[in-house]
Amino acid sequence: MDIFTQQLINGLVLGSIYALVALGYTMVYGILELINFAHGEVTMIGAMVALSVIGVLLGASPDLPGLMVVIAGLLVAIPACMALAFGIEKIAYRPLRKAPRLAPLITAIGVSIILQNVAMLVWGRQYVSFPAILPRGQHEILGAHITDLQIAIVVLSLLSMAGLWLLVEKTRLGRAMRATAQSKEVAELMGVNVDRVISYTFIIGAAIAAIAGVMVSAYYGLAHYYMGFMLGLKAFSAAVLGGIGNIAGAMLGGLLLGVIEALGAGYIGDLTGGFLGSHYQDVFAFLVLILVLVFRPSGLLGERVASRA
Amino acid sequence: MRERPRLALALLAVLLAALPFLIGTGLGNSWVRVLDFVLLYVLLALGLNIVVGYAGLLDLGYIAFYALGAYLYAWLASPHFGLHLPFWMVLPLGAALAGVFGVLLGAPTLRLRGDYLAIVTLGFGEIIRIFMNNLNAPFNLTNGPQGMNLIDPVSIGGVSLGKSLEVAGITLPSTYLYYYLFLAATLLVIVVAMRLQHSRVGRAWAALREDEIAAAAMGINTRNVKLLAFAMGATFGGLAGGLFAAFQGFISPESFTLWESILVLCMIVLGGMGNIPGVILGAVLLTVIPEALRYIGDLQRATLGQVVVDPADLRMLLFGVALVAMMLFRPAGLLPSRQRKREFSAQDGVAEQEQASLYDTKA
């Protein structure tokens, strides 16, 4: 088996999940210049809600086709996350829009702690496992394995990204979002309801996060109340790598970060003569983040300058 | 007029000296331990306050310096490497090591401001923790997730603070002895922090915080001044870390998670950024309240007959709620400095501009 191709495939699959979560960060940052720390937790809630629905459905009738059950879980998780994000923005961020920047950042951290602990109270401290109900076919490409699930994740991610792209570029709401990102004041003068646009931005980001949450729990076969933290940080790194505030950048950054991480984890042992092992996988995201911010703070595709932020 | 502050100071000194006895007899020895931790967190919060409160650089990886101080203490004074150096050598070394890392972190991030800096420092904190967690192979440096134990207690003139001491018929448990050591360190740091605030460097930090470009135009070497803020903050963190290692006798990467960094940041924010009494109040509240919340478990058992919600789970939840509520209803903190109070309560447009420039250079 070809290790390089295999790690490349694994990286692309993981990266497409990062990209989805990164979209939520980048959209909110583009409009509010706020790091929505709670976004990773919204992803986690999406996974947890979906798993609960799946559990209930399987408990009621175990013979239901697996794919249908997972889709049902997803269809409940998406509106749940949308409502959650709507509430978070309304309660924790909106009153602070004119406050110094540190204030909303700290409420964001507070919301993140609240969501984690509520999830812990509701779903417990243990890992919640994802039942093995999805079809598990395997294919071989260039000497590497790829599963049906991996293909589904990549396809669904690409579809979500394409949908978002159309929404932002082709619809009235998308135009309003772009206008608001450029200048809230001028957008308001042009008749854009800025508050509503901001609400929609959070809601759309949360819907995509719910999809990502379900995918990541299906991929690893488990979910945990703490899973949103690392996922969120990596997704944020991906957004910065691509150029924060830039939607195409978030997609590119997510995919790249996934590949860097997978290849890095696969080869770090050889590169350092066995000194460092694959458990340093989580370091790569931060290293990439720091290097990007130091050498190219605007990211790969962004034009925003970090010193302005 | 001059008599009053002196009298108040004398009363405060007596109160601080008697505090462990009052708390020890009133609430039990476990609360004296909490008191020790209060002082450690005051140390940490004062250190972070230099970076965040004075210089306006948001640091979310501050706990890494605490970790460095603690690990250096453990390496130089425990059976791990068989070294048992005295504390008066190890503590300054730990503080210095943390200071060097402060500069190392500061140097590449100088050009960044605001929340970007926050994320980079956060990444730095996580990297340090991941390394602590994994450097037990190929050679055992940190003993991995198990952590390092049997760390030497501080011993002054042959008297170990790790055991109880009998003085004039009164037995002083170890927690009491550490209280006085930590109190001395805290007082030292408070004096340094106060002197720094009103020094040339302190004024340079304030100028930098308010407007970096104007500060540079006034002839302030912003690079050196920022690095100094990072280094000073990190040094205090390293000192606190060494004291923590000696006091606990055991350290593991679990003590140095991101949440600890956030906790210390919250202390500053809650109390009042840049204001030393405010920062101390914040550290006291956020250390004592979670401990007090433990009693919710007993309360549940008494009223409901069983523990419905584990108080440990509830603690963090309430903590998160408190953070959000504070920001919404009293964003300048409980004891804000006079200047920040003015900025936060300002209504007119000019003041709003000033306010906006507090954390960024957009205005």
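Refer to the structure printed above.
Note that this is a predicted model, so its numbers are computed, not measured. (Residues numbered from 1 in each chain as written. Chains lettered and ligands numbered in written order. Predicted model: local features only at pLDDT ≥ 70, side-chain atom pairs only at ≥ 80, totals over all residues.)

Novice: I would appreciate a short explanation of the overall build of chain B in the present structure.
Specialist: When helices and strands are counted, chain B shows 15 helices and eight strands. Relative to its 363 residues, chain B shows a buried fraction of 46%. Here the contacts in chain B between residues at least 6 apart in sequence split such that 72% fall between residues at least 24 apart. (Helix = DSSP H or I, 4+ residues; strand = E, 2+ residues; numbered from the N terminus. Buried ≥ 20, exposed ≤ 12 C-beta atoms within 10 Å, placed from the backbone. Contact = placed C-beta atoms within 7 Å.)

Novice: For this particular structure, what's the right way to read the pairing of strand β2 (residues 138–141) of chain A?
Specialist: Successive side chains on a regular strand alternate, one facing one side of the sheet and the next facing the other. All names here are of chain A. In terms of strand pairing, β2 meets strand β3 (residues 144–147) through four bridges, oriented antiparallel. When the bridges of β3 are listed, His-139 appears paired with Ile-146. Once β2 ends, the chain turns through two residues before running back antiparallel as β3, passing Leu-142 with a positive phi of about 50°. (Pairing = 2+ DSSP bridges.)

Novice: Which parts of the structure should I look at to understand the nonpolar core?
Specialist: Among soluble globular proteins, nonpolar side chains are generally buried collectively. Core analysis: the largest hydrophobic core is formed by 220 residues, its most contacted members being Cys-81 of chain A together with Leu-43, Ala-45 and Met-267 of chain B. Setting aside residues no more than four positions away along its own chain, Met-267 of chain B makes contact with Tyr-41, Ala-45, Val-279, Gly-282, Ala-283 and Leu-286 of chain B. (Core = buried A, V, L, I, M, F, W, Y, C linked by C-beta atoms within 7 Å.)

Novice: So what exactly am I meant to see when it comes to the packing of helix α3 (residues 66–93) of chain A against helix α4 (residues 102–123) of chain A here?
Specialist: The geometry of a pair of packed helices is captured by two quantities: the angle between their axes and the separation between those axes. All names here are of chain A. At their nearest, the axes of α3 and α4 sit 10 Å apart, and the two run at 135° to each other. Comparing the axis directions of α3 and α4 gives the class oblique. Two packed elements cross with a definite hand, and for α3 against α4 that hand is right-handed. Contacts between α3 and α4 involve Ile-88, Ala-92 and Tyr-93 on the former and, on the latter, Pro-104, Thr-107 and Val-111. (Axes fitted to C-alpha atoms, helices over the stretch in contact; angles between N-to-C directions. Parallel < 35°, antiparallel > 145°, perpendicular 65-115°, else oblique. Left-handed = near helix turned anticlockwise from the far one by under 90°.)

Novice: So what exactly am I meant to see when it comes to helix α11 (residues 281–295) of chain A here?
Specialist: Its 15 residues place the ends of α11 of chain A 22 Å apart at the C-alpha level, agreeing with the 21 Å of an ideal helix rising 1.5 Å per residue. Every buried residue of α11 of chain A is accounted for by Val-283, Ala-285, Phe-286, Val-288, Leu-289, Ile-290, Val-292 and Leu-293 of chain A. (Expected span 1.5 Å × (residues − 1).)

Novice: Help me out: how do you make sense of the environment of Gln-182 of chain A in this one?
Specialist: Residue placement: Gln-182 of chain A occurs in helix α6 (residues 172–182). We classify Gln-182 of chain A as exposed; it has 11 C-beta atoms within 10 Å.

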